[in-house]
Amino acid sequence: MVEFILRVFKKIGLLALALNIACFSFSQEGNKNLGSGDVVVPRKVDLIPIPMVKLPHAVESVSWNADCSLFAYSENKNITIRRASDYSLSQTIISDVPINSQDFAGVTASDDRSNQLVTFNEDNSIFIRRLPEVRPSVVRKFDENYVISKYSFSTNGNYIAIGTESGEIELGQQLYYSTDILTEKLIGHTQKVYELAFSPNRRYLASASLDGTIKIWRTATRALEAEIPQNYPPPQFIPICFTGDSEHIVSPRSKRSIEIRDFQGNETGFIETRQDINSLCLSTDGNYVVVLTNLNQFQYYSLETKQMVKYIPAWNPSPITCYKFSNDGKSLLVGHSDGSIYILKLEEVTYLDGEVPENYKIVYPDEEGKEEEFSPEELQEELKDKYGDKDEFPERIETAHNVEVRLQGVFATNSLYNWGIKFSGGYINTRILDFCYLGAMVCPTIFFPDNSDFPYDYKIDDVKIQRPLLAELDLIALAGMDYDFWPESGWDAFFEIFAGGAFKEIVSPTLGSGKLNTAFITGGIAGVSYDGFRAYLETSFDTVVKFQVSLGVGYRFNLTKKITPKDIEELESKDRQERLEKAQQTLELIENSEEDTGASEVPAEE
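Residues numbered from 1 in each chain as written. Predicted model: local features only at pLDDT ≥ 70, side-chain atom pairs only at ≥ 80, totals over all residues. Heavy atoms only, no water.

### Notes on the overall build of the chain
- For the chain, the helix and strand inventory stands at five helices and 43 strands.
- Of all 606 residues assigned to the chain, the portion counted as buried reaches 49%.
- Relative to all contacts within the chain whose residues are 6 or more apart in sequence, the contacts with residues 24 or more apart total 52%.
- As displayed, the chain has an accessible area near 29,900 Å², and 53% of this comes from carbon and sulfur atoms. (Helix = DSSP H or I, 4+ residues; strand = E, 2+ residues; numbered from the N terminus. Buried < 20%, exposed > 50% of the residue type's maximum accessible area, 1.4 Å probe, protein only. Contact = heavy atoms within 4.5 Å. Areas by Shrake-Rupley, 256 points an atom, 1.4 Å probe, with all protein chains shown as cover.)

### Things to note about the sheet that holds strand β22 (residues 277-282)
- Reading across the sheet, the five strands line up as β22-β23-β24-β25-β29 and stay open at both edges, with antiparallel pairing between neighbours. The open sheet has two edge strands, β22 and β29 (351-352), and neither has a second partner.
- The pairing of strand β23 (residues 288-293) with strand β24 (residues 298-302) spans five bridges and is classified as antiparallel. Residue pairing for β24: Y288 is matched across the bridge by S302. (Pairing = 2+ DSSP bridges.)

### Side note on the pattern of salt bridges
- Scanning all chains against the criterion turns up 22 salt bridges.
- As a salt-bridge pair, E404 and R534 come within 3.3 Å of each other at their nearest N and O atoms. On the criterion of sequence distance, the pair formed by E404 in strand β33 (residues 401-412) and R534 in strand β41 (residues 533-542) is long-range, its members being 130 residues apart.
- When the shortest N-O distance is used, the salt bridge between R534 and D482 registers 3.6 Å. Of this pair, R534 sits in strand β41 while D482 sits in strand β38 (residues 469-486), and the two are 52 residues apart along the sequence.
- On the basis of relative accessible area, R534 is assigned to the buried category, the value being 6%.
- Taken together, the salt bridges that share partners define one network made up of E404, R406, D482, E496, R534 and R556. (Salt bridge = Lys/Arg side-chain N within 4 Å of Asp/Glu carboxyl O.)

### A short note on unusual backbone geometry
- Backbone geometry at C68 places phi at a positive 65°, although glycine is not the residue there.
- Along the chain, the position of C68 falls in the loop between β2 (62-64) and β3 (70-75).
- Taking relative accessible area as the criterion, C68 reaches 13% and is therefore assigned buried.
- At D531, a residue that is not glycine, the phi angle is positive and equals roughly 50°.
- Along the chain, D531 falls in the loop between β40 (512-530) and β41.
- D531 gets classed as exposed once you look at its relative accessible area, which sits at 62%.

### Quick look at empty space enclosed by the protein
- The tally for this structure, following the rule as stated, stands at two cavities of 30 Å³ or more.
- Of the volumes computed, that of the second largest cavity is approximately 50 Å³.
- As for the second largest cavity, its lining consists of R406, Q408, K422, S424, M441, C443, I476, F498, I525 and E538.
- Going through the elements one at a time, β33, β34 (417-429) and β35 (437-449) are the ones with two or more residues in the lining of the second largest cavity. (1 Å grid on protein atoms, 1.4 Å probe; cavity = no way out; pocket = protein on both sides within 12 Å on 5 of 7 lines; lining within 4 Å. Points joined across faces, edges and corners; volume = space filled by probe spheres on them.)

By themselves, these are just geometric observations and shouldn't be taken as functional.
Shown next as C-alpha cells:
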C-alpha cells in the first residue's frame, strides 16, 4: 500500500504542488480577513466641554426642576439651586434640620409657580417648598417609629409615595394650594420598602421590599393589582421601573442580567448586560433600559432587540452616588462621591456601541479659566483594573486554518467490491469565504471483494489471483457550510460537496500491485458536529466502483496561535465594528417602529 501511494504521488506531483500553493495563497487571504474591519467613526468636536461644580464632600442627591432650567443639590442643612445654563447661583435655602435628600417635583398649575422642592429630613419630616418661597408650604411630620426608607413622585408631581422601614407605604395626592399631603396606607409588605416607582401613565405604583416581593398597586383605588417575586433578592437595592407602555416591570435578575415581566410574573424579555448593574431606569423616550454600571458607564439597552445600542462613557473615576435625566431627555445631572457634580449634554457624550469616545475637557464655572483634559478610554481601563473587570483574552486564538481527519466505512451498492475502509486527512480554511469553508483532502481506501467467487482472473507477474483487493487514493477539493441549528446545545449541522480524481489499483497481499487506473469521483456529505467532533453520512460516485454510501466520524483540529498585542487590537477592532453595525440596525428598527405606530400615547391616570 505504501509503494502504491508513493507511485501515485510521483505521478501527480505537479498537481499536488499546485493544490498546496493554491491553499497557501487562500490561507494568507484568510489571515488578512482576521484583522479587517477597522472601525471608522465620524469624529465629533474636539475636547467636549463638561462643566463641573466641586463640593467638599460626597454628593447625596441632585434634581432638576420641571423645565430643566434649574438644578439643586443638598449640603447638610443647605439646599443650593443653580441655573443649568451657566451654573450661576439662583437660590440658597437654609433648613432648620439636616436634610437627607431633596427633589424637585413639578405639579400641573395655571401659573409659573409650579416648581416645588421636596426635602426629606433627618427628623422624619417632609417639607415642600413652592419656590422661590423659602419657608415650607407643606410640612408632614411622621412618628419617630415610622422611619422613611424611600419616596417617589409621579411624573406630574401630583402623586407621592413614601415607603417605610416597617414595610408600610403611604400613597397620597397633594394639590398645589393644599398645606398637607393626604395619604392612605398600603398594607402588604412585611419588611423594609427600598424601591418605589410610578408607571409612565401614573396608573400604577410598584414597590420592592426586603420581603422578596414586588407589589403593583393601582394609584386611583389604592388596591393591590399584582404581586411578583424578586428573582435577584436584596440587599442589592437595585431600582425597578415600568416599561414605556406601563404594562411590564423591569427588574434585575442577577448582577449582569435584567428581566422584563408582565403583572402575572411571566417573563416577556431578558437582557444581558456587559458590566455589573449598579442602577437602572427607563429612558425618557421609553425605548431603552438605561443601566448605570459598576464602571460608571450609562449603557442603553433596547427594549425592542434587548441589545446594547449606545452608551455614555465614564468621565470620573469616583463612584456615582446620584443622577437624574432631564424631562426633555437632553441632559444628565450626575453627582459623585468625590463631590463632583456634572451636567452632561447627551447629544455630545452619547456614542453608539462600538464607537470610540472623544477626549473631554472639564471646565470649572466657579474658577474662571481652569480646565482639565482627560481621555475616557484611558479612564475606562483604569476602572477595569481597579474593579477587577479587565477584558480577558485567551492565551491562544482560533485561526482560519484547520486540519481535519476522518475514518469511515464504505459500502458499494453496485460493484464487485461490497465494502471498504477509508481514512481521510486534509486542510480546511474557514475564512476564505464568509458563507462557507473550503479545503482539500487525501483519502486512501482499501476495498474488499464480495465473498462469492470472483468472476475474473487477474495476473500480477504472470501469477493469477482469484480475489484481489482494490487500493484507491482520492484527491478531492471540497466546499461546505456549518449551520448553527441548535445554538443552546452546542451542536451544529454541516453540509459538504466534493469532487476530484481517484487513482485505483488491483492489489494482492502477497504479490504486490498491478496497473494504475484513474477515475473521476464526486459526492456530498451531511452530518452533525460538536466541539470539533464530526459524524456524517456520505454518498459518492466514481466511474469504477460506481455508487458508494459511507458512514464516518472525524475531528477538526484548529491550528491556534499564541495571541499577540496585534491580535488583541484586531479582535477589539472587529468586535467594535460588529457592535456598531448592530447598534445602527437597532436604531433603524426603532425609528421604523415609531413611524409605523405613530405618536400615540397611553392615557394617563389623573
